[in-house]
Amino acid sequence: MKHIGNFKSERWGSVNVLRATYGGPDGPLAVVLQCEDGEPLATLSVNMYRPDCSHDSSELPADCFFVKRWSENEELSVEAMASGLFAERKDLPSARSGFVIAPVWQIVGSHA
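The following refers to the structure shown.

Notes on the sheet that holds strand β4 (residues 40-43)
Now for step 1: Ordered in space as β1-β2-β3-β4, the four strands form an open sheet in which the pairing is antiparallel. At either end of the open sheet lies a strand with only one pairing partner, and these are β1 (2-9) and β4. Within the sheet, the average angular offset between the axes of one strand and its neighbour, ignoring direction, is 30°.
Now for step 2: Where strand β2 (residues 13-21) and strand β3 (residues 29-35) come together, seven bridges link them in antiparallel fashion. Following the sheet pairing, Asn16 is matched in β3 by Gln34.
Now for step 3: In the packing of helix α1 (residues 74-82) onto the sheet, the strands contacted are β1, β3 and β4, and the crossing angle to β1 comes to about 105°.

Quick look at the structure:
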């Protein structure tokens with residue numbers, strides 16, 4: 001995993017943001033969050049794929065991912081966006097699966 005940057009969480013303190021992939025080195029982008037001590041915190045990205053979802057993560061640009069903004073990621077996603085490491089790509093379609101909608105975010109931080 002490659003370090004992208006850090007952000008401050010009111011609840012979790014300093015959060016490390018790491019770049020990984022789903023399903024192997026050539027897979028879609030995954031964004032993983034860790035506590036400062038290296039303990040896993042959450043996965044910010046969500047891997048979407050057809051036919052179960054409306055869009056496929058593998059079709060996104062290499063620095064883009066579908067973001068999980070619901071459930072346990074609700075607070076973390078707000079803090080992550082406020083960090084300046086990401087920008088929402090409103091020009092790319094959100095993915096839908098069941099009752100959830102995952103918009104596209106792009107890594108824009110200096111370590112992208």
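Some points on the pattern of salt bridges
Now for step 1: Inspection of every chain in the model, using the stated rule, returns three salt bridges.
Now for step 2: Across the pair Glu59 and Arg50 runs a salt bridge, and its minimum N-O distance is 2.6 Å.
Now for step 3: Under the relative-accessibility criterion, Arg50 is labelled partly exposed at 40%.
Now for step 4: For Asp91, the salt bridge goes to Arg89, with nearest N and O atoms at 2.8 Å.
Now for step 5: By relative accessible area, which is 55% here, Asp91 ends up exposed.

Describing α1
Now for step 1: When α1 is considered as a whole, its buried residues turn out to be Leu76, Ser77, Glu79 and Ala80. Relative to the axis of α1, the buried residues are bounded by an arc of 165° and lie together on one face. Set apart from the buried face of α1 by more than 90 degrees, the exposed residues are Glu74, Val78 and Ala82.
Now for step 2: At its buried positions, α1 is contacted by β1, β3, β4, β6 (86-88) and β9 (104-107).

A few points about the nonpolar core
Now for step 1: By size, the foremost hydrophobic cluster in this structure holds 17 residues, and its most contacted members are Val17, Leu33, Leu44, Phe65 and Phe86.
Now for step 2: Mapped onto this core, the elements with two or more residues apiece are β1, β2, β3, α1 and β9.
Now for step 3: Element by element, the count of residues in this core is highest for β3, at three residues.
Now for step 4: Grouped together as the second largest cluster of nonpolar side chains are nine residues, Val46, Leu60, Phe66 and Val104 included.

Remarks on the packing of aromatic side chains
Now for step 1: Applying the stated criterion across every chain yields a total of three aromatic pairs.
Now for step 2: When the ring of Phe65 is compared with that of Phe86, the centres are 5.7 Å apart and the planes differ by 80°; the resulting orientation is edge-to-face. With Phe65 in strand β5 (residues 64-66) and Phe86 in strand β6, this pair connects stretches of sequence that are 21 residues apart.
Now for step 3: Residue Phe65 is classed as buried on the basis of its relative accessible area of 1%.
Now for step 4: Relative accessible area serves as the criterion here: at 4%, Phe86 is assigned to the buried category.
Now for step 5: Considering the side-chain rings of Phe86 and Trp105, the 5.5 Å spacing of their centres and the 35° angle between planes classify their relative orientation as tilted. Note that Phe86 is positioned in strand β6 and Trp105 in strand β9, a separation of 19 residues in sequence.
Now for step 6: Here Trp105 falls in the buried class, since its relative accessible area comes to 2%.
Now for step 7: Site record: aromatic cluster; members linked through ring pairs are Phe65, Phe86 and Trp105.

Basis of the calculations
- Residues numbered from 1 in each chain as written.
- Predicted model: local features only at pLDDT ≥ 70, side-chain atom pairs only at ≥ 80, totals over all residues.
- Heavy atoms only, no water.
- Pairing = 2+ DSSP bridges.
- Helix = DSSP H or I, 4+ residues; strand = E, 2+ residues; numbered from the N terminus.
- Axes fitted to C-alpha atoms, helices over the stretch in contact; angles between N-to-C directions.
- Contact = heavy atoms within 4.5 Å.
- Salt bridge = Lys/Arg side-chain N within 4 Å of Asp/Glu carboxyl O.
- Buried < 20%, exposed > 50% of the residue type's maximum accessible area, 1.4 Å probe, protein only.
- Arc of directions from axis to C-beta.
- Core = buried A, V, L, I, M, F, W, Y, C linked by side-chain atoms within 4.5 Å.
- Phe/Tyr/Trp six-rings, centres within 6.5 Å; stacked < 30°, edge-to-face > 60°.

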